[in-house]
Amino acid sequence: MTIKAYNMLLYLFLPIIIFFFFLRVLLGKEDKNRFLEKLCFITKVRPAGKLVWIHACSVGEVRSAYNIIKRFIKDGYKVLVTTNTYLSSLDVENKFSNNIIHQYLPLDIKFFIKKFLKYWKPKKVILVESEIWPNVIYLSSKLNIPLFLIQARFSDNSIKKWSIFGSFFKNLLQKFSLIIPQSFLDKKKLESYTNNEMHIVANLKFSSDIPKFSTKEKNNLQKHLAKRIIISAVSTHKGEEEIIINQIGSLISKKNVLVIIQPRHPDRSNKIISLLKKQNLIFKQRSKKEVPNNTTKVFLFDTFGETGLLMSISHIIILGGTLVSIGGHNPIEAAQFGKCIIVGPYVYKIEETVNDFLKHKAIKQIKKNEQLNYLLKKLIYDKKQLKTLSFNAEELTKKYLNTTSFIYKKIESFK
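Every value quoted in this text rests on a predicted model; they were computed, and no experiment measured them. (Residues numbered from 1 in each chain as written. Predicted model: local features only at pLDDT ≥ 70, side-chain atom pairs only at ≥ 80, totals over all residues. Heavy atoms only, no water.)

A. Region of the structure containing the overall build of the protein. Looking only at helices and strands, one finds 20 helices and 13 strands in the protein. At 22 Å, the protein has a C-alpha radius of gyration in line with the 22 Å of a compact globule built from 415 residues. Counting only C-alpha atoms, the protein reaches 65 × 45 × 40 Å along its principal axes. Out of the 415 residues in the protein, the part that is buried amounts to 56%. As displayed, the protein has an accessible area near 20000 Å², and 55% of this comes from carbon and sulfur atoms. Placing the 68 positive and 32 negative side-chain charges of the protein at their respective mean positions leaves the two points 1 Å apart. (Helix = DSSP H or I, 4+ residues; strand = E, 2+ residues; numbered from the N terminus. Rg over C-alpha atoms; globule rule 2.2 N^0.38 Å. Buried < 20%, exposed > 50% of the residue type's maximum accessible area, 1.4 Å probe, protein only. Areas by Shrake-Rupley, 256 points an atom, 1.4 Å probe, with all protein chains shown as cover. Lys, Arg positive; Asp, Glu negative; His and termini not counted. Charge placed at Lys NZ, Arg CZ, Asp CG, Glu CD.)

B. Broad picture of the packing of aromatic side chains. Throughout the structure, instances matching the rule amount to 19 aromatic pairs. When the centroid spacing of 5.6 Å and the interplanar angle of 75° are considered together, the rings of Phe21 and Phe22 count as edge-to-face. For Phe21, a relative accessible area of 4% puts it in the buried group. Phe22 gets classed as partly exposed once you look at its relative accessible area, which sits at 34%. Relative to Phe35, the ring of Phe21 lies with its centre 6.3 Å away and its plane at 50°, an arrangement referred to as tilted. Of the two residues, Phe21 sits in helix H2 (residues 14-26) while Phe35 sits in the loop between H2 and strand S1 (51-55), which places them 14 residues apart along the sequence. Exposure remark for Phe35: the relative accessible area of 17% places this residue in the buried category. (Phe/Tyr/Trp six-rings, centres within 6.5 Å; stacked < 30°, edge-to-face > 60°.)

C. Summary view of a nonpolar patch on the surface. Among the surface-exposed residues, Met1, Leu9, Leu12, Phe13, Ile16, Phe19, Phe20, Leu23, Leu26, Leu27, Ile164 and Phe165 lie close enough to one another that they form a single nonpolar patch of about 1200 Å² accessible area. For the nonpolar patch, the secondary structure elements donating two or more residues are helix H1 (3-12) and H2. One can find Met1 in the segment before H1. What makes Met1 partly exposed here is its relative accessible area of 36%. (Patch = residues over 30% accessible without salt bridge, like charges linked within 9 Å, V, L, I, M, F, W, Y side chains within 5 Å. Salt bridge = Lys/Arg side-chain N within 4 Å of Asp/Glu carboxyl O.)

D. Up close: the nonpolar core. Ranked by internal contacts, the top residues of the largest apolar core, which has 43 residues, are Ile132, Leu149, Phe169, Leu173 and Phe176. The biggest single contributor to this core is helix H6 (residues 110-120), with five residues. Not counting chain neighbours up to four residues away, the residues in contact with Phe176 comprise Leu127, Ile132, Ile137, Leu147, Phe148, Leu149 and Asn196. Counting 34 residues, the second-largest nonpolar core is a separate cluster that includes Val259, Ile273, Leu275 and Leu300. (Core = buried A, V, L, I, M, F, W, Y, C linked by side-chain atoms within 4.5 Å. Contact = heavy atoms within 4.5 Å.)

E. Examining the packing of helix H7 (residues 134-142) against helix H9 (residues 166-174) more closely. With their axes 9 Å apart at the nearest point, H7 and H9 run at an angle of 45° to one another. When the interaxial angle is binned, H7 and H9 end up oblique. Like other packed secondary-structure pairs, H7 and H9 cross with a definite hand, here left-handed. Taken together, the residues of H9 that come into contact with H7 (itself represented by Pro134, Ile137 and Tyr138) are Phe168, Asn171 and Leu172. When the residues that make up the contact of H7 with H9 are grouped by side-chain class, the tally is five nonpolar, one polar and no charged. (Axes fitted to C-alpha atoms, helices over the stretch in contact; angles between N-to-C directions. Parallel < 35°, antiparallel > 145°, perpendicular 65-115°, else oblique. Left-handed = near helix turned anticlockwise from the far one by under 90°. Nonpolar A, V, L, I, M, F, W, Y, C, P; charged D, E, K, R; others polar.)

F. Geometry of the pattern of salt bridges. Inspection of the entire model under this criterion finds 12 salt bridges. Between Glu37 and Arg34 there is a salt bridge, with its nearest N and O atoms 2.8 Å apart. By relative accessible area, which is 3% here, Glu37 ends up buried. In this structure, Arg286 engages Glu217 in a salt bridge whose closest nitrogen and oxygen atoms are separated by 2.9 Å. Linking Arg286 in the loop between strand S9 (283-285) and strand S10 (298-300) with Glu217 in helix H11 (residues 215-225), this pair joins segments that are 69 residues apart in sequence. Since its relative accessible area comes to 10%, Arg286 is described here as buried. On the basis of relative accessibility, which here comes to 29%, the residue Glu217 falls in the partly exposed class.

G. Broad picture of unusual backbone geometry. Positive phi, normally seen in glycine, also occurs at Glu129, with a value near 70°. In this fold, Glu129 is placed in the loop between strand S4 (124-128) and H7. Given a relative accessible area of 2%, Glu129 falls into the buried group. Phi at Lys289 takes a positive value of approximately 60°, unusual for a residue other than glycine. Looking at where Lys289 falls in the secondary structure, it is placed in the loop between S9 and S10.

H. Local environment of the sheet that holds strand S11 (residues 316-319). The strand order across the open sheet built from seven strands is S9-S10-S8-S7-S11-S12-S13, with neighbouring strands paired in parallel fashion. Taken across any chain shown, the strands that pair with only one partner, and hence form the sheet edges, are S9 and strand S13 (364-365). Taken together, the three bridges between strand S8 (residues 257-263) and S10 define a ladder with parallel strand orientation. Each residue of the ladder has a partner; that of Ile261, found in S10, is Leu300. Running at roughly 160° to strand S7 (residues 229-236), helix H12 (residues 240-247) makes contact with S7 and S8 of the sheet. (Pairing = 2+ DSSP bridges.)

Written out as structure tokens, the structure is:
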């Protein structure tokens with residue numbers, strides 16, 4: 001595979017690609033107000049001055065880059081942030097307001113990317129995690145724009161897929177001025193594909209700011225929560241809510257326990273509600289501004305941008321994406337709040353972090369989902385262990401170095 005062959009294939013299948021893209025629009029899987037941006041209809045004015053382009057796929061990836069974005073803004077850069085998903089666009093706009101420009105990444109078609117680069121004229125292009133887009137990389141390199149891959153992470157499956165086109169993948173990675181893997185496991189996976197020296201291994205999520213929340217909202221909720229033990233399942237995916245409800249049925253029958261479910265994608269709330277009704281569980285819904293009372297068993301936290309508020313009122317946090325084969329989400333935020341964290345069997349995306357937490361007795365992992373009920377009961381009645389796990393988690397986050405400044409300086413050294 002070569003870039004020429006890649007583009008020939010794209011042009012060959014372009015009608016099909018466009019057809020499925022518009023099908024996604026009709027099905028509500030694309031932003032109906034801004035979907036044309038993905039066809040390179042540029043809707044924002046390029047500001048004067050030096051501009052850096054940072055691309056991250058979705059919410060988790062873009063959040064890991066927030067402190068880097070802030071450093072560029074502080075040093076006088078104009079910042080263009082591109083993402084792929086609607087929720088990530090909301091997150092960027094909520095976080096930065098008018099300080100940055102947000103656009104959706106155009107489809108990786110040569111004439112789209114060429115037009116995009118010609119219009120924005122970035123001084124640097126930074127891709128986050130596993131965002132490998134051949135035309136973005138080749139055309140940026142052709143224009144002598146320094147390329148950076150930060151927070152690099154590739155699952156075993158994605159590495160296997162790329163290995164089919166080994167020389168093509170290696171050629172893409174060689175275009176980067178700097179690659180910073182997020183773990184030593186990822187460094188090991190990438191070493192055979194690039195001659196880039198990867199002396200730096202850094203997880204930007206470790207130096208992320210603690211999520212902000214409204215103290216007024218927290219106080220208001222706590223009035224209704226009284227002395228209840230709050231078990232929160234954060235960033236859950238399809239299938240996890242059913243596992244949780246089936247596992248903790250005996251716990252939620254107790255008056256002093258409230259279960260909060262926060263789906264990763266709030267638009268799944270209707271499906272979760274159907275599940276709760278099927279189980280005859282009394283629930284309240286955050287998006288309707290409802291608050292739990294003494295009879296509430298489950299509180300559906302189906303809003304966006306309130307993870308900090310949810311974590312602030314929780315005692316135990318079940319980390320979403322670990323009970324089904326998603327691979328897990330970042331546990332650092334929960335640890336920063338000093339909460340007892342539980343993860344399930346599927347942690348391949350955060351394996352190195354989980355192992356470090358386990359080593360420091362700062363997290364609990366179940367090997368089978370059937371163990372969740374037993375572990376929760378044990379933690380609820382063993383207040384000393386609950387307190388120790390919470391304390392260790394918060395202390396562990398303090399030991400991680402703030403890598404943002406170091407990485408920023410490394411990026412800035414390339415002109």
